[in-house]
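# Examination of the molecular architecture
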Amino acid sequence: MAGPLISGALVDRLGRKGTVALNMGFMTGSCLLLTATRDVMLLSVGRFMSGVSWGISFSSIPLYIAEISEDSVRGVLNTALIISVATGSLFMYAVGPFVSYAVLHYILVGLCIFFFFLFPLLPNSPYALVMNNQTVRARDTLSWLRENRSPSYVENELQAIQMAKCRETQKSQGMTTLGLEHRRQSTQTAHGEEGLKVDWMWKQNPLHRE
């Protein structure tokens, strides 16, 4: 439950790619902790870290995939995520009975380290770059991701991302304005009710009656 909440707080601050990297660091730390200790409390902490990491994974990775992929392959790539999770679980059940507890976690640490070797090759999300006002980098990233597409196709997609950003900004500003207006009306209502109460108390005072 904590993973999606943490992911929601990080994806706009660190970016999609940065959140994925931080999550893998969290998962690596969990595997190392589970490997190095036999203390029940520390094992519980390691298992908690692992659960949080999986929650962040299922929140940030599909978002990252959706933002870097085209509509025609987006579903296939997100399905591949689920298949990879199922394959990993199958590997654990297939190999786990034949190796020690420590060796199993060393294998997981090795997979995490392998990820960090490949991580620099991952592109940034064009949406995240546009949200951070890095339009030139977003255009270059889209050109790399859509290498078989024409420049006009890339430019149209970039404009669609910018329009989506503008709509989101306007929606956010509208919600802020609505909240301020509601607060102002509430304050005016409260002051009006207080004034009526004071007036009623003044009239009820015998000294003020004619």
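Below is a summary of the structure that appears in this document. Because the structure is predicted, anything quoted here is derived from the model rather than measured. (Residues numbered from 1 in each chain as written. Predicted model: local features only at pLDDT ≥ 70, side-chain atom pairs only at ≥ 80, totals over all residues. Heavy atoms only, no water.)

When two helices pack together, their arrangement is given by the angle between the helix axes and by the axis-to-axis distance. Look at helix α1 (residues 2-36) against helix α4 (residues 101-118): their axes get within 9 Å of each other, and the N-to-C directions meet at 160°. One finds that α1 runs roughly antiparallel with respect to α4. When you trace α1 past α4, the crossing you get is left-handed. Seen from α1, the contacting residues are V20, A21, M24, G25, M27, T28, C31, L32, L34 and T35; seen from α4, they are Y101, A102, H105, Y106, L108, V109, C112, F115 and F116. (Axes fitted to C-alpha atoms, helices over the stretch in contact; angles between N-to-C directions. Helix = DSSP H or I, 4+ residues; strand = E, 2+ residues; numbered from the N terminus. Parallel < 35°, antiparallel > 145°, perpendicular 65-115°, else oblique. Left-handed = near helix turned anticlockwise from the far one by under 90°. Contact = heavy atoms within 4.5 Å.)

Attention shifts here to a nonpolar patch on the surface. Side chains of I113, F114, F117, L118 and L121 sit close together on the surface and give an oily, nonpolar patch of about 570 Å² of accessible area. Its place among the elements puts L118 in helix α4. (Patch = residues over 30% accessible without salt bridge, like charges linked within 9 Å, V, L, I, M, F, W, Y side chains within 5 Å. Areas by Shrake-Rupley, 256 points an atom, 1.4 Å probe, with all protein chains shown as cover. Salt bridge = Lys/Arg side-chain N within 4 Å of Asp/Glu carboxyl O.)

So, about the layout of surface pockets. Here the largest pocket is characterised by a volume of approximately 1,400 Å³. In terms of lining, the largest pocket is formed by 37 residues, of which the most central are M24, M27, W54, S84 and V85. Those elements giving two or more residues to the lining of the largest pocket turn out to be α1, α2 (40-68), α3 (71-95) and α4. Element by element, the count of residues in the lining of the largest pocket is highest for α3, at 10 residues. Per-class residue counts for the lining of the largest pocket are 26 nonpolar, eight polar and three charged. The calculated volume of the second largest pocket comes to roughly 180 Å³. Looking at the second largest pocket, the residues that line it are E67, S69, E70, D71, R74, Y127, R146, Y153, N156, E157, A160 and I161. Those elements giving two or more residues to the lining of the second largest pocket turn out to be α3 and α7 (151-204). Sort the elements by how many residues they give to the lining of the second largest pocket and α7 lands first, with five residues. (1 Å grid on protein atoms, 1.4 Å probe; cavity = no way out; pocket = protein on both sides within 12 Å on 5 of 7 lines; lining within 4 Å. Points joined across faces, edges and corners; volume = space filled by probe spheres on them. Nonpolar A, V, L, I, M, F, W, Y, C, P; charged D, E, K, R; others polar.)

Under the definition given, this model contains three aromatic pairs. Note on F115 and F119: the rings are 5.7 Å apart at their centroids and 45° apart in plane angle, and the pair reads as tilted. Taken individually, F115 and F119 each receive the classification buried, so the pair is uniform in this respect. A cation sits over an aromatic face here: K17 above F119, 5.0 Å from the ring centre. (Phe/Tyr/Trp six-rings, centres within 6.5 Å; stacked < 30°, edge-to-face > 60°. Buried < 20%, exposed > 50% of the residue type's maximum accessible area, 1.4 Å probe, protein only. Lys NZ or Arg CZ within 6 Å of the ring centre and 35° of its normal.)

Side-chain pairs of opposite charge can arise where the charged atoms are in close proximity. Considering all chains together, one arrives at five salt bridges under this definition. For E70, the salt bridge is made with R149, and the minimal N-O distance between the two is 3.0 Å. Here R149 lies in the loop between α6 (135-145) and α7 and E70 lies in the loop between α2 and α3, a separation of 79 residues in the sequence. By relative accessible area, R149 is classed as partly exposed at 39%. For the salt bridge of D71 with R74, the shortest nitrogen-to-oxygen distance reads 2.6 Å. Of this pair, D71 and R74 both sit in helix α3, three residues apart, which is roughly one turn of that helix. Overall, D71 belongs to the exposed group, its relative accessible area being 65%.

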